[in-house]
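Survey of secondary and tertiary structure
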Amino acid sequence: MTDRLSRLARSWDEAAEGYEQYFVPRFAPWVRAAVQTIGTSLPDGPILVPCCGTFPELDLLAPRFPDRKLVGLDLSAEMVRLARARAAGRAEVVQADATELDPAWAAAGVVSVFGLQQLPDPAAGIRSWYDVLRPGGRLCVVYWPEVAEETGPFALLDKVVGRGDSTWEDTLVPALHGAVIERDELVSFPMVHPDAAAYFDAANLHGPLRARALAHGDAYIADLRRRYLAEAPAGEWTHHPQARLIAVRR
Ligand SMILES: C[S@@+](CC[C@H](N)C(=O)[O-])C[C@H]1O[C@@H](n2cnc3c(N)ncnc32)[C@H](O)[C@@H]1O
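The model shown is predicted, which means the values in this text are computed figures rather than measured ones.

Reading the values: the criteria
- Residues numbered from 1 in each chain as written.
- Predicted model: local features only at pLDDT ≥ 70, side-chain atom pairs only at ≥ 80, totals over all residues.
- Heavy atoms only, no water.
- Helix = DSSP H or I, 4+ residues; strand = E, 2+ residues; numbered from the N terminus.
- Rg over C-alpha atoms; globule rule 2.2 N^0.38 Å.
- Buried < 20%, exposed > 50% of the residue type's maximum accessible area, 1.4 Å probe, protein only.
- Contact = heavy atoms within 4.5 Å.
- Areas by Shrake-Rupley, 256 points an atom, 1.4 Å probe, with all protein chains shown as cover.
- Lys, Arg positive; Asp, Glu negative; His and termini not counted.
- Charge placed at Lys NZ, Arg CZ, Asp CG, Glu CD.
- Pairing = 2+ DSSP bridges.
- Axes fitted to C-alpha atoms, helices over the stretch in contact; angles between N-to-C directions.
- UniProt positions renumbered as here; feature names shortened; annotations may be inferred.

Next up on the list: the overall build of the chain. Scanning the chain from terminus to terminus reveals nine helices and nine strands. Taken over the C-alpha trace, the chain has a radius of gyration of 18 Å; the compact-globule value for 250 residues is 18 Å, and the two agree within 12%. Dimensions of the chain along its principal axes, counting C-alpha atoms only, are 55 × 35 × 35 Å. Looking at the 250 residues of the chain, the share that counts as buried comes to 54%. Partitioning the contacts of the chain with sequence separation of at least 6, the portion at a separation of at least 24 is 79%. Roughly 10900 Å² of accessible area belongs to the chain as shown, and the carbon and sulfur atoms make up 51% of that amount. The distance from the centre of the 26 positive side-chain charges to the centre of the 33 negative ones in the chain is 3 Å.

Structure, rendered in structure tokens:
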């Protein structure tokens, strides 16, 4: 495993319990949109959930597909532990790098929410997730784009951290050559945070900022936090971030 990948795994190990409490309820509408998009008319075979985290997708997939094999995959041991507890025998959970899936899975469906943007090469990742499908199978991916909103808590975090390069996002659809693109759209829902500090601390301790905190240290995070709170509004903070949903049929 590369240093970057092992730091990412460690960051999600540290974040896992708090992620389940803070982010899973707030991200639930996007998980629902992804599972609804996978539909029910699929060929035989398992349904895979790469980057499943604590596996919130499962509570919606299990009643929809009572007779299917459902498989979550995640890099982080602690996420896998929580996912197995949630699964309680309803699904298999594998600790694995989901960057490249083995086509031998011959899957009916692949659903993934908020993992793609963390892969070292998202275009290769989405192609690999497509390549595990049987003919007629469907892939639905929801990910956070580099620009999920123009104003709000995510935008302010981008401003103080520095916005990432978004050119990789233009490579996703071309990477899916041969697929039938059924949907490619931005999906937005309201999200509420008690206040700016609560969001910053959740992102740092239980979310995507954790890997950066491990890489740069406490003084760096303290400085980010100070700059973040200096520009943030007071009180409860509601926003409407947009995630990108891509659904394709093989
Ligand atoms: C933001 S969480 C999303 C979890 C879940 N799908 C949800 O919607 O709540 C992202 C997850 O992706 C996992 N992840 C990141 N890179 C990965 C990789 N290369 N292989 C497998 N899992 C990965 C992390 O460990 C983390 O659990």
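Our next topic: the sheet that holds strand β3 (residues 92-95). Pairing is mixed across the open sheet formed by seven strands, whose spatial order is β3-β2-β1-β4-β5-β9-β6. Edge positions in the open sheet fall to β3 and β6 (180-188), since each of these has one partner strand only. Recorded for the sheet is a direction-independent mean angle of 15° between the axes of neighbouring strands. The sheet strands contacting helix α1 (residues 3-38) are β4 (107-113), β5 (133-143), β6 and β9 (242-249), and the helix crosses β5 at an angle near 165°.

A word on the UniProt feature "domain: Methyltransferase" (unreviewed entry) in the chain. Per the UniProt entry, the sites bearing "domain: Methyltransferase" (unreviewed entry) are residues 48-137 in this numbering. The span residues 48-137 is 32% helical and 27% strand by assignment, and the distance between its end C-alpha atoms comes to 11 Å.

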